[in-house]
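Results of the structural survey
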Amino acid sequence: MTIERTFSILKPDATRRNLTGAINAVLEKSGLRIIAQKRLHLSRAQAETFYAVHKERAFFNDLCDFMTSGPVVLQVLEGENAITAYRDVMGATNPENAEAGTIRKEFAESIEANSVHGSDSQENAATEMAYFFSGIELVG
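First things first, this report covers the structure right here in the doc. Being a predicted model, the structure only gives us computed values, none of them experimental.

Take the sheet that holds strand E1 (residues 3–10) next. On the basis of which strands lie adjacent, the open sheet formed by four strands has the order E2-E3-E1-E4 and antiparallel pairing. Strands at the two margins of the open sheet, each flanked by one partner only, are strand E2 (33–40) and strand E4 (116–118). Direction aside, neighbouring strands of the sheet carry axes that sit 20° apart on average. For E2 and strand E3 (residues 72–80), the ladder comprises seven bridges, and the chain directions are antiparallel. The residue of E3 that forms the bridge with Arg 33 is Glu 78. Taken strand by strand, helix H5 (residues 82–90) contacts E1, E3 and E4, and its axis lies near 35° from that of E1.

All right, on to the pairing of E1 then. Within E1, six of the eight residues are buried, which leaves it mostly tucked inside the rest of the structure. Relative to E3, E1 is paired through eight bridges, and the arrangement is antiparallel. Paired with Ile 9 across the two strands is Leu 74, which belongs to E3. Pairing analysis gives three bridges linking E1 to E4, with the strands arranged antiparallel. Bridge assignment links Ile 9 to a residue of E4, and that residue is His 117.

For the rest of this paragraph, the subject is H5. Every buried residue belonging to H5 is among Ala 82, Ile 83, Tyr 86, Val 89 and Met 90, and all of these are buried. Down the axis, H5 shows its buried residues gathered within 135° of arc, on one side only. Where the residues of H5 are buried, they touch E1, helix H2 (20–29), E3, helix H6 (103–107), E4 and helix H7 (122–132). Downstream of H5 by a residue or two, Gly 91 has a phi angle that is positive, lying close to 90°.

What counts, and where the lines are drawn
Residues numbered from 1 in each chain as written. Predicted model: local features only at pLDDT ≥ 70, side-chain atom pairs only at ≥ 80, totals over all residues. Heavy atoms only, no water. Pairing = 2+ DSSP bridges. Helix = DSSP H or I, 4+ residues; strand = E, 2+ residues; numbered from the N terminus. Axes fitted to C-alpha atoms, helices over the stretch in contact; angles between N-to-C directions. Contact = heavy atoms within 4.5 Å. Buried < 20%, exposed > 50% of the residue type's maximum accessible area, 1.4 Å probe, protein only. Arc of directions from axis to C-beta.

Set out below in structure tokens:
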């Protein structure tokens, strides 16, 4: 059993529709614990820095526009194989391809407004968590 931590964002489409509690319930039911959480309205600079890996891609500006369009909920999740577990409960990026019961199938509006972001590796999880949370904010 490997207990891991991963990073999560509940995106502006989810917060606009007041889905924070419903999504958190799905996370907790799946066995993930929310050990840090805060609501923030990302600045353009924060979004551009966070998504810098996508800077050369055609969707970068639209992504930054979307992520700054309203508040987000930033989270650190903990659980057994948390990175894989969260990616499984999120579902496919395109909600049309996501399995029933996943966050994106149940809550996403589109491939762009797909309600959640999750780290895809231990390295990215560590980087993403550190970008938004100090160690003192992680309460396990």
